[in-house]
Each structure stands twice: as structure tokens, then as C-alpha cells.
Amino acid sequence: MLRYSLTFLGFLLLSVGSPKDLPAQTSADPAATLPGTAPIPANARATGNPNPVDRQPSPTQPETVQPGEITFTGLRASCVRPGTILTIQGVNFDKIPKSNRLGLNNAGELVELEILNKSQTRISSYLPKKNIELNTAYDLVFYQKNKEHVFDETGLSVRTCPSNNTVSNDRSTLQDVIILVESTQENPVRSELQRRGLPVVDVYNLNALQSVLIQTRATNAATVIQELRAVFPDAEIDFNNDLTSSAKPRLYAQKAIGWDPDNGCQTTQLGFPVGLLDGAIDQHHTAFVGQSIVSRNFLGNQTVDLSHATSIGSILIGNDQERGYQGLIPGTILYNAVVLRLSNSGDQLASTVAVLQGLDWLLSNQVRLINVSLSTATANRVLNKGFGLSLEKGAIVFSSVGNQGPKAPRSYPAAIDGIFSITAIDSLQRIYRDANQGDFIDFAAPGVDIWTAVPDNEGAYVSGTSFATPHALAVASLILKNNPKISRQVLSRALSFSLIDLGDPGHDPVYGAGLLKGTC
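Residues numbered from 1 in each chain as written. Predicted model: local features only at pLDDT ≥ 70, side-chain atom pairs only at ≥ 80, totals over all residues. Heavy atoms only, no water.

**Notes on the environment of Thr-216**
Secondary-structure assignment places Thr-216 in strand β11 (residues 211-218). Judged by relative accessible area, which is 0%, Thr-216 ranks as buried. Separated by 39 residues in sequence, Thr-216 and Val-177 place their C-alpha atoms 5.3 Å apart. Reaching out from Thr-216, the side chain makes a polar contact with the backbone oxygen of Pro-199 at a distance of 2.6 Å. (Helix = DSSP H or I, 4+ residues; strand = E, 2+ residues; numbered from the N terminus. Buried < 20%, exposed > 50% of the residue type's maximum accessible area, 1.4 Å probe, protein only. Polar contact = N/O pair within 3.5 Å; in protein donor to acceptor, adjacent residues only side chain to side chain.)

Set out below in C-alpha cells:
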């Protein structure tokens, strides 16, 4: 059993499997880390159409793939979920003709993939949610417009992931249970767990919230949770659910929120730090030269996601204007709590435990203004209580509403009372097609086709409510610059004075109160 003291959240966490600190990522924090990405084995090549009658192109038909020159080496993930990014690795991708389309073929059924970004060695594409079967293998192919049944194989197979239910009904499956109580209840909880034969492995003190978070593990977790709730009615007890990233070229976003460089927006010095609860930032990217990033890893030896936070970080503090990475608040110290991991299936996930640890670390460093571009449809009691207590301590949290579509349930932590929930719009002020909707949405900000930094010193256009959230936070930072100690309620009223009402008049479940505008 290991015990972890978290200066500002005041909880205790008991967990199976103790996280370990990784090597320092920056000199500013000895517990920080800069993770890498494991290479993919290379052995696949473009091979041509499996149908003999279509194998060779006609003399008038341009070649879609040049065998021996364009090589496909692998995929970043073993399986991909609909609605997420499919990353293809190889060489000489810049030689693929622009007339070619990328698609998935299964028994003659062709699904087009939208290419988001293409470099010499990598293609990023969007896997649509419609017409895609789960747990199914597809051939990755290239084809030409108006010739959808004449295609060339890449030699790669893309498998969609099976359904991923966060909570299993299998009583034989071990699942984590977390218990949030006041510090005085630690010993009674320990005794109860011992009486039930349940392990007490990890203990975290989250002192800012003056409470204790305890994690154990059980095969019949759902039953254990219900029984423990009866024994400890004042505690919050739940599963250790995962949150996901709320994660398509133009530089319109800053203009959309009134961020005028001529008025000194980019030279504004806030005088206080900003927090990012996310994956790790690729600090070797030119977008972050000369910027101050303090990073700490809360994932132990798990694979850290680099892409999501790198994009958001460049929106906030990017400082490479020649390549289009002009952040909203460059020069601001950015505290990066690394909680977003990359699963074996390629999913970007953050456990409740890691999120609360990261939140506590940010508060312990006097970081009040926090960006959380993570979401879950699960109303986890422990997660919600932790964020609620952070709000009581004065935290101001901006959270993305999620990308599960207009009919999806409300997402958390965005739906927690007191958190600013942000949806995404495009350059024409239309709502992002996959954004969650509901009466919990506060404001809208640009989040479609946002040019950002991505790992390996590259750039890409990204879309999602994740990327709208830092734009909204930056608008709020200008107000806080003049009075860093104002309350969340006063800040909310101030934000409402400088916005554009979108959709139905007044507050509506699509755009919230409307598009936020900054005043530099």
C-alpha cells in the first residue's frame, strides 16, 4: 500500500496498483515527464486491386498508388472507434495523387474516410459514426472519384473496436471502486473493507477538499457500491470511470471571438497561471519555443496521449506565427496535469482517479483557471463531488460538453453546476455536428477546423468541443486579468455582456447563451 499526499484536494484514495512518478519533463517540476510513442512494425505495401478485372488501370486512368514507392507501414492503434481519428503510418504519402480518396472496403461496401491531415509519413483521417459496424475488419483502400468500385489496396486492415461498456455486469470481473469521504471516516471505511475481505492498496490525501478518496477492487462491484452506500450514507461511492477526450483549414477562430492582434490581445500578460487537465504537451514542438510549461504525470507507466494536449496547448500559448501557431495567451505559465492516456485500442481515456489527482495538483500550485477538455456520460458521484469541492475552493473550470451528438445525454464534468460548459461552432457560426446539446450548455466558441500543433513538429486542423473550450477560457482570462479574485458568479455576468446570441433568442440547448467575445 502506498499513500499519496495531494496538497489541495484533501481526499484519500486507496487503489490497486500504485502509480509511479516518471522522469522529469521540465526543470520546473521534478515529477514531470515527456512520454514517447512506440513505433509500429513496418511490412505492408500498396498492392493493387484484388479483383483481377480491375487490377491494372487503363492507359487513360491515372495510377492511384505507385507500388514500391508509396509504402504503408501500419496503424497507430489495434482497433479504432467510429467518430475518432484513424492514423495511418508509412512513407512517401506526399506522392499520392490529390484525386485519390481514402476508404474502407468490406464485401464491396465502401465507406469514405475524410482526410484531415497528410504529411510524408502520416495520414490522419476521421472514421465516421454512420455505416460502420463495430468489431469488424475493413480493408483500407484508395480509390478515385467517380470510380468507387475500382480501388487499390494498401495492404492494411482496419478493425473497429467492440462495444465498450464502462461498467461490466459480469460478477467475475474485477472492477475498481472509489470512496470519497471526510478524513475522519478513513478508519471506519478501512475497517469495513477489511471485514468484507476487500483490498486497501493506495491512499491519496486530497487536502484542499478536506476529504479522503479511497479505492478498492471487487468482483461484484455494483453490489459492493450499493451496500457501502448504505453503510456510509454521507460518502460518495462509485466506479473509477474513464473520461474521454472531447476531440477538422482556416485561421478564423481568433477573429470570431474578437481576438484582435492590433489591440494587443496576444501581448496581454495575465499575471497568473492557467491549468490544463489533459494529456501531455509535446514540448519539442516549435509552437512552444520560449513558453513556460510545468508538467506532472499522473499515469504511472501507462501510455500517455500526446496529441490532444499538444493541440489545446498551442491554442492557448502557441508562439510560432510563421507556421500559424499563434496562441491566445502566449507568455502565460501553463500547468499541464497529465491524466489522459492512450489505450491499446487507441482510445484517449482519463480515469477518475487520475483526474482528481491532477485537479488537486493544479489547485496546490494556486492554479485557479482550469481547462478540462474531457467528458463522460456517466454521472460519477466521486468525480462530481471532487469538482464540486474544487469549485468551493475557488476554482474556475471550463469544460467541453462532449462530442456524442445532439441526442446524447448530458456529459460530465461539464454538466456539474458551477462549471462553465462550452460547445463548438464553425466559421459560419453553425453548431458542430457531433456536439452534445442540452440545457446545461453555457456558451459557444470556435471549435471546428482549428489549426493546431500536433506531435512530431507538425500541424493539423482539428474539430471538437475540446478545442472550443480554450477559446472560451481565454476570453474569461481577460476579465480575470483585471480582477483575479472575482467569483464565478461575477465572471459569468461579465461574460454575458460580450457575446453574440445564436440560435433561438436567449439561452437555448444548442448554443447556450451564445458566442463569447473578448475585449482586449
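**Some thoughts on the packing of helix α7 (residues 465-482) against helix α8 (residues 488-496)**
Contact geometry for α7 and α8: axes closest at 10 Å, N-to-C directions at 115°. In terms of their interaxial angle, α7 and α8 are classed as roughly perpendicular. Crossing geometry of α7 relative to α8 is assigned as right-handed. Touching Val-475, Ala-476, Ile-479 and Leu-480 of α7 are Leu-491, Ala-494 and Leu-495, all from α8. Here the residues of the contact of α7 with α8 sort into seven nonpolar, no polar and no charged. (Axes fitted to C-alpha atoms, helices over the stretch in contact; angles between N-to-C directions. Parallel < 35°, antiparallel > 145°, perpendicular 65-115°, else oblique. Left-handed = near helix turned anticlockwise from the far one by under 90°. Contact = heavy atoms within 4.5 Å. Nonpolar A, V, L, I, M, F, W, Y, C, P; charged D, E, K, R; others polar.)

**Some points on the side chain of Asp-320**
Mapping Asp-320 onto the fold places it in strand β16 (residues 319-320). Buried within the structure, Asp-320 lacks any salt-bridge partner; Arg-323 is the closest side chain of opposite charge, at an N-O distance of 4.4 Å. A polar side-chain atom of Asp-320 sits 2.7 Å from a polar atom in the side chain of Thr-286. Among residues more than four places away in sequence, those in contact with Asp-320 are Thr-286, Ala-287 and Tyr-325. (Lys, Arg positive; Asp, Glu negative; His and termini not counted. Salt bridge = Lys/Arg side-chain N within 4 Å of Asp/Glu carboxyl O.)

**Some details on the pairing of strand β21 (residues 369-372)**
With burial as the criterion, each face of β21 is covered, one bearing Leu-369 and Asn-371 and the other bearing Ile-370 and Val-372. Two strands pair when backbone bridges link them, and β21 and strand β23 (residues 396-400) are joined in this way by four bridges, in the parallel orientation. When the sheet's bridge partners are listed, Val-372 is paired in β23 with Ser-399. (Pairing = 2+ DSSP bridges.)

**Points about the pairing of strand β3 (residues 85-91)**
In this sheet, β3 lies alongside strand β2 (residues 71-75) in antiparallel orientation, the contact comprising four bridges. Considered in β3, the bridge of Leu-75 is made with Ile-88. In the sheet, β3 pairs with strand β6 (residues 122-126) via five bridges, with the strands oriented antiparallel. Opposite Ile-85, over in β6, you have Tyr-126 as the bridge partner.

**A look at helix α1 (residues 186-195)**
Among the residues making up α1, those that are buried are Glu-186, Val-189, Glu-192 and Leu-193. Buried residues of α1 fall within an arc of 130° about the axis and therefore sit on the same side. α1 presents Asn-187, Gln-194 and Arg-195 as exposed residues on the side facing more than 90 degrees away from its buried surface. (Arc of directions from axis to C-beta.)

**Quick notes on the packing of helix α5 (residues 352-364) against helix α6 (residues 381-392)**
Their axes nearest at 10 Å, the elements α5 and α6 cross at an angle of 10°. Here α5 lies roughly parallel to α6, going by the angle between them. Residues Thr-352, Val-355, Leu-356, Leu-359 and Leu-363 of α5 form the contact with α6, whose participating residues are Val-382, Leu-383, Gly-386, Phe-387 and Ser-390. The residue inventory of the contact of α5 with α6, partitioned by class, reads seven nonpolar, three polar and no charged.

**What about the sheet that holds strand β20 (residues 348-351)?**
Here four strands make up an open sheet; going across it, the order is β19-β20-β13-β22 and the pairing antiparallel. The two strands at the open ends of the sheet, each matched to only one other strand, are β19 (341-342) and β22 (374-375). As paired strands, β19 and β20 are joined by two bridges and run antiparallel to one another. Residue pairing in the sheet places Arg-341 in a bridge with Leu-349 of β20.

**Considering the confidence of the model for the chain**
When the pLDDT values of the chain are averaged, the result is 81; 80% of them are 70 or greater. Contacts of residues 1-66 to residues separated by more than four positions or lying in other chains number 224 contacts, the stretch itself having pLDDT below 50. Contacts from residues 164-171, a stretch scored under 50 in pLDDT, to residues over four places away or in other chains number 13 contacts. (pLDDT = per-residue confidence, 0-100.)

**Comments concerning the packing of aromatic side chains**
Taken as a whole and judged by the stated rule, the model has eight aromatic pairs. The interplanar angle of 5° and the centroid separation of 5.9 Å between the aromatic rings of Tyr-325 and Trp-451 together place this pair among those described as stacked. With Tyr-325 in strand β17 (residues 325-326) and Trp-451 in strand β26 (residues 450-454), the pair connects residues that are 126 residues apart, well separated along the chain. Each ring, one from Tyr-335 and one from Trp-361, has its centre 5.7 Å from the other, and the planes form 55°; the classification is tilted. Here Tyr-335 is found in strand β18 (residues 334-338), whereas its partner Trp-361 is found in helix α5, with 26 residues between them in sequence. Across the pair, exposure class does not vary: Tyr-335 and Trp-361 are buried alike. Clustering of aromatic rings is evident, with ring pairs tying together Phe-72, Phe-93 and Phe-142. (Phe/Tyr/Trp six-rings, centres within 6.5 Å; stacked < 30°, edge-to-face > 60°.)

**Some words on the environment of Val-401**
Along the chain, the position of Val-401 falls in the loop between β23 and β24 (420-425). On a C-alpha basis, the gap between Val-401 and Ile-422 in space is 5.7 Å, while along the polypeptide they are 21 residues apart. With residues near it in sequence (within four places) discarded, Val-401 still touches Ser-411, Ala-414, Ser-421, Ile-422, Thr-423, Asn-436, Phe-440, Ile-441 and Thr-465.

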